[in-house]
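# Architecture at a glance
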Amino acid sequence: MTFEEAVADLTNSPHEAGSHVDDAAGRQEAYQSPDDSDPDGGDSKRGDDVPPLSSPTLSSSRGNLQEQLPARSSDFEEELPVLTWYPKPTGLGDMDGEGLQRILGMPAQDNLSVLVRETVQNSWDARQSGEKPEFWMHLRTLPSSSREILRKSVFSDLDALPKVLPISGALEKQPIEVLEINDRGTSGLDGPIRNDLALETTEPERFANLIFNVGATAGVPLSGGTYGFGKVATYRMSRCRTVIFWTRCWAESGADYRFIAVSLGPRFVINGKRHTGHHWWGMPAVDLRIEPVVGADAEKLGRSIFATGFRDDELGTSIMILDPALDESNSETKGDRIVDAIKTNLWPKYLSGGTFDSLPPMEIGLRVEDKNIDWQSPNDELKFKHMANCLESLRAVQDGRPNPGIQQGVIVEEVWCWRPKKLLGHLALVQYMPSPTESDTDRDFDSTIALMRNEAELVVKYEKHMPSPHPDLKWCGVFKPNVETDTAFAAAEPPAHDDWLPESLENSIWQTWIRTAAKRRIELVQRFLQPLIPPVEGDGAEKKPTGVLAESLGWLAPQRLVANKLVGEASTRGSVSSGRRRRSVEVQITRIEPIELTASKRRAVRVSTKVEAPNGVSAWVIPVLRAITEDSSEELNANEVAFSWEREGTAAAGEICLADGQEASLIIEFPSHLALKIDFKTEVET
C-alpha cells in the first residue's frame, strides 16, 4: 500500500480518540511538558492516577542487563501494527539524502568516534534535573524472530518498494548485527510529534529536531549537542543508512512511548515524481504527513525488537543502528574498538566532581552479545591520568576554588585576549616522566591539549603541540573556555563538532577570540616547557663529564626564556605588610651551564637570570625548584636541593632583590637522577 493509499484509507475510517487521525492542531495544543502547570501550581494534565516520574540508579554498566531484557515477540499474543512507508517528495529547498550524509564533511575522527560523541552529548543535554544520566551501547546479533518483525511490521512490502532503498537487501543478511544506543534518566525524545505547527511556549522539540528537522539547535545553554547536522553520524554508521528510534517521554497523557524508523538514501523517481531519498516508516496522518507510532503499539514494537526496555516510569531513548559499519573480524575486536572510542571521547564524563560530587557525572557501559564489558576507568589509566588531573584543576580554578593539582605539578594559566580585553578561558598543563611500563597507546596524549567546551566537557579536539625539549619527559594539558565565551567557541564548531574554525564566524570579535586563544595556547606551552634541566640516566650512575652535561643542556642555551608564573604559588608572606606588594614582573633565563662537582651522585648548574620590571620597581626573586617524576611534579626541600645567588661577586641565600634590567646567577646543586623544573615567584619592593 502506498502512502497516499494509506492516508485515503484513514480518511474513510471512523476516527478514534487518541488515534493518528486526531486533528493535528488539537494534538499540538494538547502537548504539555513536565514543567507546564496550571495557575494554581497543580499539574492539571497529568491526571491524579499518574505516578511521579522516577529513574532508579543503576550500577556500573547498567547492572545485570540479563534481568532487564524485555519480552520477545513470541510472548506477544496481540498483533503488532504494520508501519507505513513515507518517502519525502522533493520540494523547494530540499536536500537529498546523499547530500545530507555529506553535510558532516570529512571529520578528523572516524564514524564511530563521531557517533559516540554526538549521541552521548545529546543524552547529556537531555538529562533530567537532579538525575545522573545513563548511557550504554549494545552490539549484538539480531534474532531471527526480531528480523521477521522488522520485515513484516516495520519495513513491510520491501519487495514492492524501489530497489534504491538502502534497507532493501540488509534484512536478507545472515546474520545481521545491530548496535543499540540507550540512555535513561533523560527526558527522552519529548516535544510535539510534528515540526510544522507554531508553538506558543518554549517547550522542548527533541523529537521533531532529531527525526524531522535538519540543523536545528538544542536551545540548551552551554550544551554540546544539537540534534542538528551531527545526527547524520547515526545514519553514516549504518551500512544500510537505516536507524530505528524508540523513546519513552512525557506527553499529554503521562509517560508515553514513540516508535519510528528513518533511512537516508539516494534520490529517486516514482510515477514521474522526484523524491529526496529521505524515508520514514510510521503512521500516516490525514494531511499527508508521517507520524510516529505512539502508546501501547509503540511499546509492543519496541519491546519486540530492542534488547532493553524501560522500567516503571523510566524515561529515555533507544536507537537501533542496523548493520553497523564495524569492519573488525569478530564481536570481541569490535567491542574493543567501541571501548577505545568511548574512553578516548568520553573520559571527562567519568571524572568525579561538579554536579554529582563524588559520583561520576554519567553512567557509561557497553554490552557485546550477552556479556557486559568491564573496563578500567579511563582516569585510572596512564593514558588519561594526567589529563584527568588537569581537568580537575581547571574545574576548580574556573569555579573560584584553589588548584587541587598544584602538588602534582599542574599549573592553570589564564588565556586572555587583549584587544578587546577579555578572559577567554583557562589552560591547565602538567609535565611528567613516563612510566617504564608505558605502552605506545599510553603515549597518545603526549604533547597534546584536549580542547573541550565549558559545561558540556565534550572533547572537541586533541591539539598536538611541540614536544618536551628532552625526550625522557612528557607533558599534556586541557583547555576550556569560560562561561561567557563558550557560546563563541560553540558557534565556531563545524557540523561534526570536532574543531574551532574562526573563519566560519560572522562575528568579528568572536573570530578574534578563537584565533587569539589558539595563539595563546602555543605561547603558554612554549613558556611552560622552559626552563627545564633533564635528568642524567640511572640513579647513582657514573657522573658524566662536564662537556657531556653541557651538551645535554645545549638545547637551553643561549635562549632567552620567560620563567613560568605558578598560579596560586605566589602567596603573600608576613613581610609583605612591611611594604611589599605584588606586581607584574618577569624573570628571564638567559643561559644555563653546568658546574663541575666531585660528588658522584650530584650535579650543579649555573642559571643566569635577568629581571624585567616597570620603571623604578625592584622585585624580590624567589626560586621554586621542582622534580619531575612519573606521577607528578614535586617541590624539592632543602635536604634534596641547595641553591644560592651570585651577583657582582656577592652571594645571597634564598632570595635576591633585583631592579629592572639587573642580572644575577642562581647556583643549584641537586641529585643527578632528577629532572629539574625551575620557576620563580616575585614580590615587588615598594
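Refer to the structure presented above.
Residues numbered from 1 in each chain as written. Predicted model: local features only at pLDDT ≥ 70, side-chain atom pairs only at ≥ 80, totals over all residues. Heavy atoms only, no water.

Moving on to the packing of aromatic side chains. Taken as a whole and assessed by the stated rule, the structure comprises 16 aromatic pairs. Ring geometry for Trp-246 versus Tyr-257: centroids 5.7 Å apart, planes at 15°, classification stacked. Of the two residues, Trp-246 sits in strand 4 (residues 242-251) while Tyr-257 sits in strand 5 (residues 254-264), which places them eleven residues apart along the sequence. In this pair, the class of Trp-246 matches that of Tyr-257, namely buried. For the ring pair Trp-645 and Phe-680, a centre distance of 6.3 Å and an interplane angle of 40° mean the geometry is tilted. With a gap of 35 residues between them, Trp-645 in strand 25 (residues 642-647) and Phe-680 in strand 29 (residues 675-685) connect regions that are remote in the sequence. On the basis of relative accessibility, which here comes to 0%, the residue Trp-645 falls in the buried class. Here a set of aromatic residues connected by ring pairs shows up, and it is made of Tyr-86, Phe-207, Phe-212 and Trp-280. Note that Arg-184 overlies the ring of Phe-310, its terminal NZ or CZ placed 3.7 Å from the centroid. Over the ring of Phe-207 we find Arg-258, and its NZ or CZ is 5.4 Å from the ring centre. (Phe/Tyr/Trp six-rings, centres within 6.5 Å; stacked < 30°, edge-to-face > 60°. Helix = DSSP H or I, 4+ residues; strand = E, 2+ residues; numbered from the N terminus. Buried < 20%, exposed > 50% of the residue type's maximum accessible area, 1.4 Å probe, protein only. Lys NZ or Arg CZ within 6 Å of the ring centre and 35° of its normal.)

One finds Met-137, Ile-211, Phe-245, Ile-338 and Ile-342 to be the most contacted residues of the largest nonpolar core, which totals 41 residues. The biggest single contributor to this core is helix 9 (residues 331-350), with six residues. What Ile-338 contacts, discounting residues up to four positions off in sequence, is Leu-112, Met-137, Leu-139, Leu-179, Leu-326 and Leu-366. Counting 33 residues, the second largest nonpolar core, distinct from the first, contains Leu-158, Met-283, Ala-298 and Leu-301. (Core = buried A, V, L, I, M, F, W, Y, C linked by side-chain atoms within 4.5 Å. Contact = heavy atoms within 4.5 Å.)

Take the packing of helix 4 (residues 111-125) against helix 9 next. Helix 9 packs onto helix 4 with a crossing angle of 45° between their chain directions and a minimal axis gap of 9 Å. If you check the angle between helix 4 and helix 9, you find them oblique. Where helix 4 crosses over helix 9, the handedness of that crossing is right-handed. Seen from helix 4, the contacting residues are Leu-112, Ser-113, Val-116, Arg-117, Val-120, Gln-121 and Trp-124; seen from helix 9, they are Arg-337, Ile-338, Ala-341, Ile-342, Asn-345, Leu-346 and Lys-349. Looking at side-chain class alone, the contact of helix 4 with helix 9 contains eight nonpolar, three polar and three charged residues. (Axes fitted to C-alpha atoms, helices over the stretch in contact; angles between N-to-C directions. Parallel < 35°, antiparallel > 145°, perpendicular 65-115°, else oblique. Left-handed = near helix turned anticlockwise from the far one by under 90°. Nonpolar A, V, L, I, M, F, W, Y, C, P; charged D, E, K, R; others polar.)

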